[in-house]
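Survey of secondary and tertiary structure
Below, each chain spelled out in residue letters.
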Amino acid sequence: MKSLKISDKVLGLTTVADEKLKDIYNDLENIALMNSAKVLKAFKENKVSTMHLGYTTGYGYDDAGRDIIEKVYSDIFKAEDALVRIQFVNGTHAISNVFFANLRQGDELVYITGTPYDTLHTSIGIGKTLNSQSLIANGVKFNTIDLINENEFDVDKITNYLKNNKVKMIAIQRSKGYAFRKTMSIEDISNIVKEIRKVDKEVIIMVDNCYGEFVEEKEPIEVGVNVCVGSLIKNIGGGLCNTGAYIVGDKEIVTNCSERLTCPGIGKECGTTLDQNKNMLQGLFIAPNVVKDTLKSMIFSSFIAENLGFECMPKYNDKRSDIVQTIKFGNKEDLIKFIQGIQSASPIDSHVTAFPWAMPGYEDEVIMAAGNFVQGASIELSADSPIREPYVAYMQGGITYPTAKLAIMIAISNMLED
Ligand SMILES: *Cc1c(COP(=O)(O)O)cnc(C)c1O
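Structure report, in brief. (Residues numbered from 1 in each chain as written. Predicted model: local features only at pLDDT ≥ 70, side-chain atom pairs only at ≥ 80, totals over all residues. Heavy atoms only, no water.)

Structural notes on the site of the ligand
In the neighbourhood of the ligand, the contacting residues comprise Asn-90, Gly-91, Thr-92, Ile-95, Tyr-117, Gln-173, Asp-208, Cys-210, Tyr-211 and Lys-234. Contact between the ligand and Lys-234: an oxygen atom at 2.9 Å from a side-chain N or O atom of the residue. The leading source of residues in the shell around the ligand is helix H4 (residues 91-102), at 3 residues. Counted by class, the shell around the ligand contains 4 nonpolar, 4 polar and 2 charged residues. (Near = heavy atom within 4 Å. Polar contact = N/O pair within 3.5 Å; in protein donor to acceptor, adjacent residues only side chain to side chain. Helix = DSSP H or I, 4+ residues; strand = E, 2+ residues; numbered from the N terminus. Nonpolar A, V, L, I, M, F, W, Y, C, P; charged D, E, K, R; others polar.)

A short note on the sheet that holds strand E2 (residues 108-111)
Ordered in space as E1-E7-E6-E5-E4-E2-E3, the 7 strands form an open sheet in which the pairing is mixed. Each having just a single partner strand, strand E1 (81-85) and strand E3 (141-144) make up the two edges of the open sheet. Between one strand axis and the next, the sheet turns through 15° on average, direction left out of account. As paired elements, strand E4 (residues 169-173) and strand E5 (residues 204-208) share 5 bridges and run parallel to each other. Of the residues in E5, the one forming a bridge with Ile-170 is Ile-205. Those strands touched by H4 are E2, E4, E5, strand E6 (227-231) and strand E7 (245-249), and its axis lies near 155° from that of E6. (Pairing = 2+ DSSP bridges. Axes fitted to C-alpha atoms, helices over the stretch in contact; angles between N-to-C directions. Contact = heavy atoms within 4.5 Å.)

Observations concerning the pattern of salt bridges
Taken as a whole, this structure holds 19 salt bridges when the rule is applied. Of the charged contacts, one joins Glu-45 and Lys-41 as a salt bridge, the two residues approaching to 3.7 Å between their closest N and O atoms. Taken together, the residues span about one helical turn, with Glu-45 and Lys-41 both in helix H2 (residues 22-45) at a distance of 4 residues. With its nearest N and O atoms 2.7 Å apart, the salt bridge here joins Arg-85 to Glu-70. (Salt bridge = Lys/Arg side-chain N within 4 Å of Asp/Glu carboxyl O.)

What to know about the nonpolar core
Ranked by internal contacts, the top residues of the largest apolar core, which has 74 residues, are Tyr-73, Phe-77, Tyr-246, Val-248, Leu-284, Phe-338 and Met-395. Residue contributions to this core peak at 13 residues, all from helix H9 (residues 277-307). Each residue touching Tyr-246, except ones within four places of it in the same chain, is listed here: Tyr-73, Phe-77, Leu-83, Val-84, Asn-209, Glu-213, Cys-228, Val-229, Gly-230, Ser-231, Leu-232 and Ile-236. Among the nonpolar cores identified, the runner-up in size contains 29 residues, and Tyr-117, Met-169, Val-254 and Cys-257 belong to it. (Core = buried A, V, L, I, M, F, W, Y, C linked by side-chain atoms within 4.5 Å. Buried < 20%, exposed > 50% of the residue type's maximum accessible area, 1.4 Å probe, protein only.)

Focus: the layout of surface pockets
Of the voids in this model, the second largest pocket is the one considered here, and its volume is about 320 Å³. Elements supplying a minimum of two residues to the lining of the second largest pocket: helix H10 (332-344) and helix H11 (401-416). Sorting elements by how many residues they give to the lining of the second largest pocket places H11 first, with 4 residues. Looking at the lining of the second largest pocket, its residues break down into 7 nonpolar, 7 polar and 2 charged. (1 Å grid on protein atoms, 1.4 Å probe; cavity = no way out; pocket = protein on both sides within 12 Å on 5 of 7 lines; lining within 4 Å. Points joined across faces, edges and corners; volume = space filled by probe spheres on them.)

See below:
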């Protein structure tokens, strides 16, 4: 421990944490068991076999692995259909795909969790740089309804809006993104879906499920959502997927998405898998446990940070619905030292020092720790932060609890130095 520059103070706090967090960790074991059961059942019922670990090249016709993966995803999410593809370059691509595939000129999209995740702005047409291909440029109307009291749906405003306007799609972002707010839980989503259905039976309800998979026992489709989307280099890829994203939901919606990803007439029939079927299946198989280890790591970090007087969201003992941990450092020096500490404890590029830099597209300088096996994979321990008040670090991931715990111990020690 000394050779890894972990201070006595942090070792002491770790002993307290290990004792205090036992019950919380135990609850997580139960959720992981339930979700593992869900996954195992889907593997058994679909008779996943050795041949499904193989792959096609070229057009990717009759890719048995790809087809079985989409069946397994449908079962796990209780959805009619699924599109799980390496041809999605990231989560933003898959979310945009749902919009472009299902919204036409004159249709309206309303985000009821306030402003969407930053990377979607240009695609929707609300970014600083106008883009002639955006949703709005294509004649789709867009609106947002903000959350109230920090993280509650504005039920009255939403239902009144639906009574007075013909809305085609409602979007809900489950995770907080770069906002300092709570995450929408499955229960929150369930309640708002019921309210929406009282006034509008037709509107398509979409959930951006990024960072949410396997954190709770249920997923959004089970509480009445029509379509749900996420990235394979986050939770559900289990740290083994090299790229890709998924869309699960109603058959017609998923079909539209497939014809937008490829083209009309091709849909789901093409799309090579380039030796990723095994990673997708094995990653999915271990994902409930990986998510559990990540949650333990985030809870550990918030316990230690709170004990040192830093405000955390969520707090260590709050109910969670995503894997993101925010820690408010309140000063630039501590923030930078913490992020540099995380980088120094990464498996890849531990010798590289992270510094704030002017990243294209961001207003403030950003500092990032991402010493990962898969570029940008945030199911691996990663932390980043815009250099601006109140100096908040956004941290997530940690495929194994021991390695992520060590990294957090090292990062805190680095921060407390001198
Ligand atoms: C990660 C994420 C996305 C998609 O981001 P990509 O980097 O494009 O995969 C969208 N919404 C939320 C809330 C996210 O966390």
